[in-house]
Amino acid sequence: MPLPHQIALFNKRVTNRFIEPLVGKLPGFARVHHAGRATNTTYITPLLAFRHEDVYLVALTYGPSVDWLKNVQRGPASFETRDGGGRPIVVIEVIAFESVRDAFPLPVRLVLRLLRVDSVAQITTSVAVVS
C-alpha cells in the first residue's frame, strides 16, 4: 500500500530541496536526472538506492505511478550515486519487494514492511556497478 499522494507532493516540493545537497555526501542516496513527459523540463530527484549485484534498487514507497518513474521509463535518464558521475539508465523495471527484500539493510527492510511497500524499481545502468 503506497503512502498517500499528499505526502509525495510535500516531499517533491519541500523535503527534496533539503535532501538534494546531501545526496553526494550521504551513503545510500542517489539522484535520477530525467525530463518531464509533457514539458520536457529537466528534473533531478533524490532517492534512497541500494546496490544489489549489478543493479540498484529503489523502494517505491509511493507506488509505481510516481512521476519520476514514468519519466525514466519514457527516457532518456541518468542515475548518479555518491561514488561517481551520472550513468545512463539502460533498463528500469518494477519488481516485487519480496523478491529482493534481503538486499535492503534490516532497519530499512523493517520500515518498508511497516509501510507495506510492495514494489521496487530495479535500475540497470550502462556502466557495471562496482562493488
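Because the structure is a prediction, the values reported are computed rather than measured.

A. Structural context of the overall build of the protein. Helix and strand counts for the protein come out as 3 helices and 7 strands. The order of α-helices and β-strands along the protein, N terminus first, is α-β-β-β-β-α-β-β-α-β. The buried share among the 131 residues of the protein stands at 39%. Looking at the protein as shown, the accessible area adds up to about 7,600 Å², and 60% of this sits on carbon and sulfur atoms.

B. Molecular detail of the layout of surface pockets. Considered as a void within the structure, the second largest pocket measures approximately 190 Å³ in volume. What lines the second largest pocket is simply Pro 27, Gly 28, Phe 29, Ala 30, Ala 49, Phe 50, Arg 51, Tyr 56, Thr 81, Arg 82 and Asp 83. Secondary structure elements with two or more residues in the lining of the second largest pocket: β1 (29-35) and β3 (50-52). Tallied by class, residues from the lining of the second largest pocket come to 6 nonpolar, 2 polar and 3 charged.

C. The arrangement of the pattern of salt bridges in detail. Scanning the entire structure with this criterion turns up 5 salt bridges. The residue Asp 102 makes a salt bridge to Arg 109 at a minimum N-O spacing of 3.4 Å. Among the residues examined, Asp 102 registers a relative accessible area of 57% and is labelled exposed. Relative accessible area serves as the criterion here: at 14%, Arg 109 is assigned to the buried category.

D. Quick peek at the nonpolar core. Counting residues in each nonpolar core, the largest one holds 17 residues, and the members touching the most others are Trp 68, Phe 79, Ile 89 and Ile 92. Elements that contribute at least two residues to this core include exactly β1, β4 (55-59), α2 (67-74), β6 (84-96) and β7 (119-125). Residue contributions to this core peak at 3 residues, all from α2. Of all hydrophobic cores here, the second largest spans 11 residues; its members include Ala 59, Phe 97, Leu 112 and Val 117.

E. Spotlight on α2. Considered for burial, the residues of α2 that qualify are Trp 68, Leu 69, Asn 71 and Val 72. Taken down its axis, α2 places every buried residue within 160° of arc, on the same side. Following α2 by one or two positions, Gly 75 has its phi on the positive side, about 65°.

F. Region of the structure containing the packing of aromatic side chains. Across all of its chains, the model carries 3 aromatic pairs by this definition. Ring geometry for Tyr 56 and Phe 79: centres 4.6 Å apart, planes at 45°, overall tilted. Here the residue Tyr 56 occupies a position in strand β4, and Phe 79 occupies one in strand β5 (residues 78-81), the gap between them amounting to 23 residues. Residue class for Tyr 56 comes out buried when judged on its relative accessible area of 3%. Of the residues examined, Phe 79 reaches a relative accessible area of 0% and is grouped as buried. Seen in terms of ring centroids, Phe 97 and Phe 104 are 5.7 Å apart; in terms of plane orientation they differ by 50°. Their pairing is tilted. The class of Phe 97 is buried, set by a relative accessible area of 1%. The exposure class of Phe 104 is buried, given its relative accessible area of 2%. Members of the aromatic cluster, each reached through a chain of ring pairs, are Phe 50, Phe 97 and Phe 104.

Here is what the cut-offs are and how they apply
- Residues numbered from 1 in each chain as written.
- Predicted model: local features only at pLDDT ≥ 70, side-chain atom pairs only at ≥ 80, totals over all residues.
- Heavy atoms only, no water.
- Helix = DSSP H or I, 4+ residues; strand = E, 2+ residues; numbered from the N terminus.
- Buried < 20%, exposed > 50% of the residue type's maximum accessible area, 1.4 Å probe, protein only.
- Areas by Shrake-Rupley, 256 points an atom, 1.4 Å probe, with all protein chains shown as cover.
- 1 Å grid on protein atoms, 1.4 Å probe; cavity = no way out; pocket = protein on both sides within 12 Å on 5 of 7 lines; lining within 4 Å.
- Points joined across faces, edges and corners; volume = space filled by probe spheres on them.
- Nonpolar A, V, L, I, M, F, W, Y, C, P; charged D, E, K, R; others polar.
- Salt bridge = Lys/Arg side-chain N within 4 Å of Asp/Glu carboxyl O.
- Core = buried A, V, L, I, M, F, W, Y, C linked by side-chain atoms within 4.5 Å.
- Arc of directions from axis to C-beta.
- Phe/Tyr/Trp six-rings, centres within 6.5 Å; stacked < 30°, edge-to-face > 60°.

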